[in-house]
Amino acid sequence: MSMEVDHLGIAVRSLDEALRFYEQSLGMTVIGRETVIEERVNVAMLPAGAPRIELLEATDSDSPIARFIEKRGPGLHHIALRVEDLALTIERLKHGGARLLNEPRPGAGGHTYAFVHPASTGGVLLELIQK
Ligand code: ZN
C-alpha cells in the first residue's frame, strides 16, 4: 500500500503569531484557514513541497491542542500520512493491536482522518488521512 507524508501538525499558542514567522519571515503562503469544531482547533495550512505544514491553535482552554501545549509547550504535535484506503488501514491496525484514538471522521479540508496513539507508533501521534 502506498503512503505519503500529507502534513506535519505543529501546535502553536497563536496562529497570528506563528504566521508572522511562517508567512512574513520565512515566506511561506497559507493556502487555507479553517476551524475544526469537533477538535476545537483553528488550522492554517502551508504547502512545503508535496507535504504541508499545519499550524494548530486551540479554540478553547480544554481542547486537545490546549492540553498538549499546557503539558509539553508548543511544538510538533503529529505526523499525517495519506493512505489509499483508510478503512482497510484501520482494520489492519486494529487487527495488529494498535491503539486508535477515533473512528475515521471528516476533518480539515473535508478529508477523512483517524489518529493512532503514540504508544503504538514509537512515540509520535500519527494521523492517517484519506482524501
Ligand atoms: Zn493534521
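Above this text sits the structure in question.
Predicted, not measured: the structure shown is a model, and the values here were computed from it. (Residues numbered from 1 in each chain as written. Predicted model: local features only at pLDDT ≥ 70, side-chain atom pairs only at ≥ 80, totals over all residues. Heavy atoms only, no water.)

J.: It is not clear to me how helix α3 (residues 86–95) should be interpreted in this structure. Could you clarify?
T.: Owing to its 3.6 residues per turn, the α-helix aligns residues three or four sequence positions apart on the same side. Buried within α3 we find Leu86, Thr89 and Ile90. Looking straight down α3, one finds its buried side chains confined to an arc of 100 degrees; they lie on one side. Every exposed residue of α3 that faces more than 90 degrees away from the buried side is listed here: Ala87, Glu91, Arg92 and His95. Turning to α3, the residues buried within the fold contact β5 (75–83), β7 (112–116) and β8 (126–130). Gly97, located one to two residues past α3, shows a positive phi value of around 90 degrees. (Buried < 20%, exposed > 50% of the residue type's maximum accessible area, 1.4 Å probe, protein only. Helix = DSSP H or I, 4+ residues; strand = E, 2+ residues; numbered from the N terminus. Arc of directions from axis to C-beta. Contact = heavy atoms within 4.5 Å.)

J.: Which parts of the structure should I look at to understand the pairing of strand β3 (residues 41–47)?
T.: For a regular strand, side-chain orientation follows a simple rule: the groups alternate between the two sheet faces. Among the 7 residues of β3, 6 are classified as buried, and the element is accordingly described as predominantly covered. Count of turn residues in the strand β2 (residues 32–36)/β3 antiparallel hairpin: 4 residues, of which Arg40 carries a positive phi of about 50 degrees. Inspection of the sheet shows β3 paired to strand β4 (residues 52–58) by 7 bridges, in the antiparallel sense. Counterpart to Met45 in the pairing with β4 is Glu54. (Pairing = 2+ DSSP bridges.)

J.: What am I meant to see in the coordination of the zinc ion here?
T.: Ideal values differ by geometry: the angle at a metal is 109.5 degrees with four tetrahedral donors, but 90 or 180 degrees with six octahedral donors. Coordination of the zinc ion by the protein is provided by His7 (NE2), Glu54 (OE), His78 (NE2) and Glu127 (OE), with metal-donor distances spanning 2.1 to 2.2 Å. One way to put it: the 4 donor atoms around the zinc ion meet at angles of 86 to 172 degrees, and that makes the site irregular. Taken in chain order, the donor set of the zinc ion reads H-x46-E-x23-H-x48-E. Highlighted residues: Glu54 in strand β4 and His78 in strand β5, separated in sequence by 24 residues. (Donors = N, O, S within 2.8 Å, 3.2 Å for Na, K, Ca; no water. Tetrahedral: all angles 85-135°; square planar, octahedral: opposite > 155°, others 65-115°.)

J.: So what exactly am I meant to see when it comes to the sheet that holds β3 here?
T.: Where strands meet in a sheet, backbone hydrogen bonds hold them as pairs that are either parallel or antiparallel. Taken in spatial order, the 8 strands of this open sheet run β2-β3-β4-β1-β5-β8-β7-β6, and their pairing is mixed. Taken across any chain shown, the strands that pair with only one partner, and hence form the sheet edges, are β2 and β6 (105–106). By the bridge criterion, 2 bridges tie β6 to β7 in an arrangement that is antiparallel. Residue pairing for β7: Pro106 is matched across the bridge by Thr112.

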